[in-house]
Amino acid sequence: MSISRIYSEADKAGKEVAELTSGLVKFNSAHPEGRTDEIVPYIAEYLNKYGIVHEVHATDPKKPNIVAKIPGKSDHKVIWVGHIDVVPEGKSEAWKYPAYDGVIKGGVVHGRGSSDMKGSCAAAMVSARILSKMRVPNPVEFWFTSDEEIGGGAGAKWLAESGRFKGEVCIIGDGNGGGAENPSIDLGCKGGAQTRLIAKGKTAHGSTPFLGDNAITKLIKVIPEVYKIGNYKLDLPEDLNKPIRDSVKFYMGEAKTPELQKVVRRMFNYPSVTCNIINGGVKINVVPDYAEAEFDIRLTPGASVSDVRKEIDRLVKAANVLGVEVASGRETHASGRGKLGDKAGFYESPDTVFAKQFAKAIKKATGKRPGMKILAGGTDGISTSKIAGIPSLGYGTSISGVAHQPNEYITVENLVLGIKVYAGFPYFYKP
Ligand SMILES: [Zn+2]
C-alpha cells in the first residue's frame, strides 16, 4: 500500500532529512538581506539528483524562489509552501552552537532556521523525492519561498499576485504542528488594525509653557484610552468556537505565569494591543506642537476590522482631549514613513472536506486526532489564501517557543513526521 511505503521510506530518511536541514541552515539567508540566491541552487541540485522537474521564479535576482513539480494521475493539484529566509541570529554569544553551523547532535539539528522553517523545507524536499518514484493520485508542487519574514514581497506575495500559485488546496509547512504529542492544524492567522494617534498643539518656549499647548502631554492622556480596545469583546463566527478553545489550550502550554495565562485565555476573544512607537518633540526647551503614537492591534480572523476601528474612534472621542485624533489608515507618517493598514487575517472552516482529509492524514501519521488552532502571527498562508484564493491549512514541524530565538533547534523525530504528513496528504486528498 502506498501510505505504508511512504511511512517506511520516511522512517529510513532520518539521517537524510537531518543532513539536508543542516545543509540549508549553513546558507545565511537572514534579513535584512534575506538572500536566497545560494540556497536555491542547493535545493535545485538535490532535485536534479533525483530527476525532479523544477523551476526558479524571481522578481528580485537576489531572492529567488524555487518549485519542485511532481506529476499525478488527476489534475487536482496540491501545493505545499514553505520559506527559506530566516530572521537574524542576534547576539552570537547567546548561541551554544554557532547559528549557521547546522550542528547535528543526538537526534537534533541546531541553528538559525532549523525550526522556522528550513527543517520543514528539508522534509518537503525528501517528500518530493519519495513521491517522484510513485504514481501519485494528485499532482503536487513544493514551493520554497523568499521574504516570508518581511511580508513576502519577493516571495509568496509576489508569486500569488503574479498568478504563479495554482492549485486546489495548499499546505503551509510553517509553524508549530505540535509534533507527535499534541498534533494540530493551523486554520489561519490573525489580522490587524494598526492605529496611529496624532496630537496637535501649539509651540512655545520651554520657559513659558503656559503660552503653548503641549502635544506630548495630550498624547499621554489618550494612549491609555486606546489600550481599552483590549477589553472589546470580538464578535466571532460560530465555527471558530472550538478552534479557539483548542488554540487557547495549545498556547497555554507556553504560558508559565498566572498573568500570562490570563493573556492567553483572552487572546482570541479580544484584540491584542501594544503601543510600540512614540514620536514627538524637537528640542528640550521647545513645547512640542506635534506628537504621535502607533499601536499594533491584532484581531482573530472573522472579526470585523471596521467595528474595531469605530470603537477606537469612539474611545478617543470620549477622552475629549482637544487636538488628539486617530489618523486614518491611508495617512502617512509625518516623516513620510510607510502607511498603516488593515491586514485582515484568514481562516479555513474546520468543517470543510479539505480540513477533514488533512486531519485524517495527520492522524494516520501521528496516531492522534489533531486539534485546530489560529496562529497569532502571519505566514505565507495570507498570500496563498487571500491573494491566490487557494484554501490553505498549516502543519509545521517547528518546536514550540524556539523560532526567532537563540539556540533554535529541531528534532529529527518531528522532521520524519513532517515527511509522513507532506508526502502522505496527496493520497488523502479526494476533491
Ligand atoms: Zn516561519
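Note that the coordinates shown come from a computational prediction; the quantities given were computed from them, not determined experimentally.

Q: For the overall build of the protein chain, give the residues involved together with the corresponding values.
A: For the protein chain, the count of helices and strands is 12 helices and 20 strands. Relative to the compact-globule value of 22 Å for 431 residues, the protein chain shows a C-alpha radius of gyration of 24 Å, a close match. Once the C-alpha set of the protein chain is aligned to its principal axes, its extents read approximately 80 × 45 × 45 Å. The buried share of the protein chain, reckoned over its 431 residues, is 47%. At a minimum sequence separation of 6, the contacts of the protein chain that also span at least 24 residues come to 80%.

Q: Can you explain the confidence of the model for the protein chain? Please cite residues and give values.
A: In this model, the protein chain carries a mean pLDDT of 93, and residues with pLDDT of at least 70 account for 96%. Of the regions scoring below 50 in pLDDT, residues 330-338 engages in five contacts with residues more than four places distant in sequence or in other chains.

Q: So what's going on with unusual backbone geometry? Residues and values would help.
A: Following His31, the chain continues into Pro32 via a peptide bond in cis, with omega recorded as 15°. Tracing the backbone shows Pro32 in the loop between helix 2 (14-25) and helix 3 (39-49). The linkage connecting Asp116 with the following residue, Met117, adopts the cis geometry, with an omega of -15°. With respect to the helices and strands, the residue Met117 is situated in helix 4 (residues 114-132). At Asn320, a position not held by glycine, the phi torsion is positive, near 55°. Tracing the backbone through its elements, the reader meets Asn320 in the loop between helix 9 (305-319) and strand 15 (324-327). Phi is positive for Asn407, close to 60°, though the residue is something other than glycine.

Q: Report on the nonpolar core, specifying residues and quantitative values.
A: Counting residues in each nonpolar core, the largest one holds 86 residues, and the members touching the most others are Val17 and Ile419. The residues contacting Val17, other than those within four sequence positions of it, are Ala122, Ala123, Val126, Val412, Leu415, Val416 and Ile419. Core analysis: the second largest hydrophobic core is formed by 22 residues, Ile229, Val273, Ala293 and Val324 among them.

Q: Talk me through the sheet that holds strand 20 (residues 409-411); I want residue IDs and the actual numbers.
A: The three strands lie next to each other as 4-5-20, forming an open sheet whose pairing is antiparallel. Looking along the sheet, the strands with just one partner apiece sit at the ends: strand 4 (104-105) and strand 20. In the sheet, strand 5 (residues 108-110) pairs with strand 20 via three bridges, with the strands oriented antiparallel. For Val108, the partnering residue across the bridge sits in strand 20 and is Thr411. Across the sheet, helix 2 is in contact with strand 4, strand 5 and strand 20; its angle to strand 5 comes to roughly 5°.

Q: An account of the environment of Ser92 is requested, with residue identities and associated values reported.
A: Looking at where Ser92 falls in the secondary structure, it is placed in the loop between strand 3 (78-83) and strand 4. What makes Ser92 exposed here is the crowd of 10 C-beta atoms within 10 Å. C-alpha separation for the pair Ser92 and Ser115, spaced 23 residues apart in sequence, amounts to 18 Å.

Q: Mind laying out the packing of helix 6 (residues 215-227) against helix 9, listing which residues take part and the relevant values?
A: Packing of helix 6 against helix 9 brings their axes to within 9 Å, and their N-to-C directions diverge by 145°. Relative to helix 9, the crossing made by helix 6 is right-handed. Here Lys221, Val222, Glu225 and Val226 of helix 6 lie close against helix 9, whose contacting residues are Ile312, Leu315, Val316 and Ala319. The residue inventory of the contact of helix 6 with helix 9, partitioned by class, reads six nonpolar, no polar and two charged.

Q: Explain the environment of Asp11 to me, using residue names and the numbers behind them.
A: On the secondary structure map, Asp11 appears in helix 1 (residues 2-12). Residue Asp11 is classed as exposed on the basis of its C-beta count, with 11 C-beta atoms lying within 10 Å. Spatially, the C-alpha atom of Asp11 lies 8.7 Å from that of Lys420, the residues being 409 residues apart in sequence.

Q: Run through helix 12 (residues 412-428), naming residues and quoting values.
A: An α-helical segment advances 3.6 residues per turn. Residues three or four places apart therefore align on the same side. Relative to the 24 Å expected for 17 residues at 1.5 Å per residue, helix 12 spans 24 Å between its end C-alpha atoms, a close match to the ideal helical length. Counted residue by residue, helix 12 has 14 buried out of 17 residues, so it is predominantly covered.

Q: Give a detailed account of the packing of helix 1 against helix 12, specifying residues and quantitative values.
A: Two elements in contact, helix 1 and helix 12, have axes whose closest approach is 9 Å; the angle formed by their N-to-C orientations is 160°. The orientation of helix 1 relative to helix 12 falls into the category roughly antiparallel. Between helix 1 and helix 12 the crossing geometry is right-handed. Of the residues in helix 12, those touching helix 1 at Ser2, Ile3, Ile6, Tyr7, Ala10 and Asp11 are Val416, Ile419, Lys420, Ala423, Gly424 and Tyr427.

Q: Any details on the domain arrangement of the protein chain? Residues and values, ideally.
A: Assigned domains within the protein chain: domain 1 (2-189 + 345-428) and domain 2 (191-234 + 270-343). Once you take the C-alpha centre of each, domain 1 and domain 2 turn out to be 39 Å apart. Between domain 1 and domain 2, the contact holds seven residues from the first and six residues from the second. Mapped by element, the contributors of at least two residues to the side of domain 1 that touches domain 2 are strand 8 (184-189) and strand 17 (346-347).

Cut-off values and rules
Position numbers for residues count from 1 along each chain, tracking the sequence in the order it is written. Reporting in this predicted model follows two pLDDT cut-offs: at least 70 for local features of residues, and 80 or more for side-chain atom pairs to be given and counted; totals over whole chains, interfaces and linings ignore these cut-offs and use all residues. What counts as a helix is a DSSP run of H or I of at least four residues, what counts as a strand is a run of E of at least two, and both are numbered from the N terminus. Every radius of gyration here is taken over C-alpha atoms, with the globule rule written as 2.2 Å times N^0.38, N being the number of residues. Exposure criterion: with C-beta atoms placed from backbone coordinates, a residue whose C-beta has 20 or more other C-beta atoms within 10 Å is buried, one with 12 or fewer is exposed, and one in between is partly exposed. Here the contact rule is simple: place C-beta atoms from the backbone, and any two residues whose C-beta atoms are within 7 Å are in contact. Confidence scores per residue from the predictor, reported as pLDDT, run from 0 to 100. The term nonpolar core refers to a set of buried Ala, Val, Leu, Ile, Met, Phe, Trp, Tyr and Cys residues connected through C-beta atoms within 7 Å. Following DSSP output, two strands are said to pair if at least two bridges run between them. To define axes, lines are fitted to C-alpha atoms, for helices over the stretch in contact only, and angles between the resulting N-to-C directions are given on a 0 to 180 degree scale. Throughout, a crossing is termed right-handed when the near helix is turned clockwise from the far one, and left-handed when it is turned anticlockwise from it by less than a right angle. Amino acid classes used here: Ala, Val, Leu, Ile, Met, Phe, Trp, Tyr, Cys and Pro are nonpolar; Asp, Glu, Lys and Arg are charged; the rest, including Gly, are polar. Multiplying one less than the number of residues by 1.5 Å gives the expected span of a helix. We call two directions roughly parallel when the angle between them is under 35 degrees, roughly antiparallel when it is over 145, roughly perpendicular when it lies between 65 and 115, and oblique otherwise. Residue ranges assigned to each domain were obtained from an automatic or database domain assignment.

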